[in-house]
Amino acid sequence: MQLKNLINGEFVAPQSGTYLDNYDPARAEVYSQLPDSNELDVVLAVQAANKAFTKWSVTPVEARAQILYRIADLIEENLEKLAEAESRDVGKPLALARKVDIPRAAQNFRFFAGQILHHQEASTYAEGKALNYSLRQPVGVAGLISPWNLPLYLLTWKIAPALACGNTVVCKPSEVTPMTAFLLGEILQQANLPPGVCNIIFGRGEVAGRTLVEHPAVPLISFTGGTDTGAKIALAAAPQFKKLSLELGGKNANIVLKDADLKKAVQTSLRSSFLNQGQICLCGSRIYVQQDVYDAFMDQFVSETEKLVVGDPKDEKSFMGPLVSAAHLEKVQQAISQAQQEGGKILTGGQAPEGLPEELKSGYFLRPTVIADLSQCSTLHQEEIFGPVVTVQPFKYAHEAVKAANTSSYGLAASLWTQNLTQAHKLASQIQAGTVWVNTWMNRDLRMPFGGMKSSGLGREGGEHSIDFFTEQKTVCVGLE
Ligand code: NAD
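Residues numbered from 1 in each chain as written. Predicted model: local features only at pLDDT ≥ 70, side-chain atom pairs only at ≥ 80, totals over all residues. Heavy atoms only, no water.

A. Local environment of the sheet that holds strand β14 (residues 345-348). If you walk across this open sheet you meet the 7 strands as β14-β15-β16-β13-β12-β18-β19, and the pairing is mixed. The two strands at the open ends of the sheet, each matched to only one other strand, are β14 and β19 (435-438). Strand-to-strand twist of the sheet, defined as the mean angle between neighbouring strand axes without regard to direction, takes the value 25 degrees. Across 4 bridges, strand β15 (residues 369-372) lies against strand β16 (residues 389-395) in parallel orientation. (Pairing = 2+ DSSP bridges. Helix = DSSP H or I, 4+ residues; strand = E, 2+ residues; numbered from the N terminus. Axes fitted to C-alpha atoms, helices over the stretch in contact; angles between N-to-C directions.)

Next comes the structure, spelled out in structure tokens:
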């Protein structure tokens with residue numbers, strides 16, 4: 001299967017005629033190809049988006065919202081097809097794609113359709129002298145760049161608010177997992193989204209992505225991906241003063257206090273450590289456990305980790321599939337070796353699973369891995385690995401855990417486990433992270449601000465924050481004297 005770019009409502013081959021291979025990570029085999037788009041493809045997409053902006057930006061919100069609702073319905077109607085595509089492309093369990101990725105993609109469109117319909121702006125009345133009101137207008141052509149771990153979910157998190165606000169967009173999905181973005185293109189056509197309103201360009205970040213970021217007719221960039229890439233994008237966007245939202249890497253702390261509901265903490269920590277093979281920016285990769293309950297927590301956590309089934313993503317029993325690519329597996333394996341050299345002790349995992357069927361033997365599988373005895377400054381404690389690897393450390397007092405959590409250069413999310421809510425509120429306010437979960441994880445309310453502190457990003461999206469980002473605000477002052 002050869003994917004095509006979506007430009008001006010039509011699927012077109014890349015100008016160069018060259019393609020990149022797309023892998024099924026469970027079988028380590030090429031199963032499709034995607035355009036290796038160059039500068040010209042991006043320029044054509046931006047031109048189409050610019051042309052479409054004239055009409056879309058003044059299309060009434062009711063009409064825009066209606067199309068977004070239709071896209072949401074179509075995503076749900078195609079749930080099975082999209083879930084199978086996402087599972088094969090990323091290696092994520094089919095059950096997870098069915099339950100989380102695809103429903104949340106539909107939810108993004110539905111949520112922002114509602115948001116724009118109910119949006120209100122402030123006005124002030126200055127005692128017979130002036131009436132001020134605030135006008136929100138779309139920014140223009142938005143460049144939307146997304147990563148490989150939650151492909152459809154994260155891309156639609158950008159497309160939906162951008163279109164709701166009246167922008168047109170050029171998307172650059174990850175070259176590692178292009179399939180559901182392509183299928184979304186078909187859905188956009190079926191939903192009768194006007195040509196050019198949403199364009200999708202496939203290809204490498206250094207070529208297609210960079211051109212999009214540098215293009216002078218793209219005044220806004222929403223990027224989700226690695227911190228190093230975010231730094232390059234910030235550098236390229238700064239001289240043109242583009243609006244920029246960066247959702248970057250994480251090294252999230254998961255703090256278990258002695259009064260926690262241990263059973264719940266263990267069960268949720270299994271998910272927060274290893275869901276999607278640990279390839280979620282919000283995964284809690286550093287677990288800190290108060291020493292009074294350290295042994296009890298670890299006994300349960302390690303034995304439950306050993307029970308997790310790693311296997312064919314299509315199999316209902318699989319909790320984990322393969323990692324996304326050979327290169328990523330190698331990076332994670334190197335991090336594990338480095339941890340061992342730095343004194344880390346592997347309590348479980350570190351190897352490929354045994355007993356895989358013949359067809360999966362070359363797949364990029366790795367058992368969930370738990371490592372103890374590392375110092376706070378070890379590489380694994382400081383660098384994002386983005387795989388099924390967690391470190392565990394005991395602590396004596398709660399303030400020590402907060403200090404350890406905050407030593408990271410990242411600040412995306414954290415989890416706290418305690419029955420003492422007074423303590424929870426206090427610690428939550430002290431932790432440097434964009435989101436702090438108390439006795440839960442990955443519980444998202446789309447109305448709330450989402451984003452990271454420090455090296456985890458710039459800006460907030462979600463609810464009104466997305467409306468803020470995807471519009472320019474103007475104050476109009478009418479003199480009354
Ligand atoms: P990545 O930075 O390698 O790539 C992300 C996207 O950027 C891809 O589409 C890629 O082609 C593109 N890109 C690469 N170089 C570019 C350049 N110079 N200019 C423009 N675009 C460029 O990230 P990844 O490996 O795909 O994803 C994993 C990373 O994403 C992890 O660090 C993870 O924490 C992060 N992430 C963050 C969030 C969040 O909400 N904060 C969510 C998911 C993933």
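B. The arrangement of helix α6 (residues 179-190) in detail. Along its 12 residues, α6 runs 17 Å from first to last C-alpha, staying within 8% of the 16 Å computed at 1.5 Å per residue. Extensive coverage of α6 is indicated by the burial of 9 of its 12 residues. Along α6, the residues classified as buried are Met179, Thr180, Ala181, Phe182, Leu183, Leu184, Gly185, Ile187 and Leu188. Asn192 sits one or two residues past α6 and shows a positive phi near 60 degrees. (Expected span 1.5 Å × (residues − 1). Buried < 20%, exposed > 50% of the residue type's maximum accessible area, 1.4 Å probe, protein only.)

C. Seen up close, the domain arrangement of the protein chain. As assigned here, the protein chain comprises domain 1 (5-248 + 456-479) and domain 2 (253-447). For domain 1 and domain 2, the distance between their C-alpha centres works out to 30 Å. With 32 residues of domain 1 in contact, the opposing surface of domain 2 contributes 33 residues. Counting each side, the surface lost to burial between domain 1 and domain 2 is near 2,600 Å², with a carbon and sulfur contribution of 59%. Along the contact surface separating domain 1 from domain 2 lie 3 salt bridges. With its nearest N and O atoms 3.3 Å apart, the salt bridge here joins Arg27 to Glu359. On the surface where domain 1 and domain 2 come into contact, there are 12 residue pairs in polar contact (both at pLDDT 80 or more). Put simply, the parts of the chain that give the side of domain 1 that touches domain 2 at least two residues each are α3 (79-90), α4 (94-118) and α5 (151-164). Per-element accounting of the side of domain 1 that touches domain 2 gives the leading share, 8 residues, to α4. Residues that form the side of domain 1 that touches domain 2 fall into these classes: 16 nonpolar, 10 polar and 6 charged. (Domains from an automatic or database assignment. Contact = heavy atoms within 4.5 Å. Buried area = accessible area lost by both parts, 1.4 Å probe. Salt bridge = Lys/Arg side-chain N within 4 Å of Asp/Glu carboxyl O. Polar contact = N/O pair within 3.5 Å; in protein donor to acceptor, adjacent residues only side chain to side chain. Nonpolar A, V, L, I, M, F, W, Y, C, P; charged D, E, K, R; others polar.)

D. Expanded view of the packing of α3 against α6. Between α3 and α6, the least distance of the axes is 8 Å, while the angle of their chain directions is 155 degrees. Comparing the axis directions of α3 and α6 gives the class roughly antiparallel. Along its contact with α3, which presents Lys81, Leu82, Ala85, Glu86 and Asp89, the element α6 presents Met179, Thr180, Leu183, Glu186 and Ile187. Within the contact of α3 with α6, the residues separate by chemical class into 5 nonpolar, 1 polar and 4 charged. (Parallel < 35°, antiparallel > 145°, perpendicular 65-115°, else oblique.)

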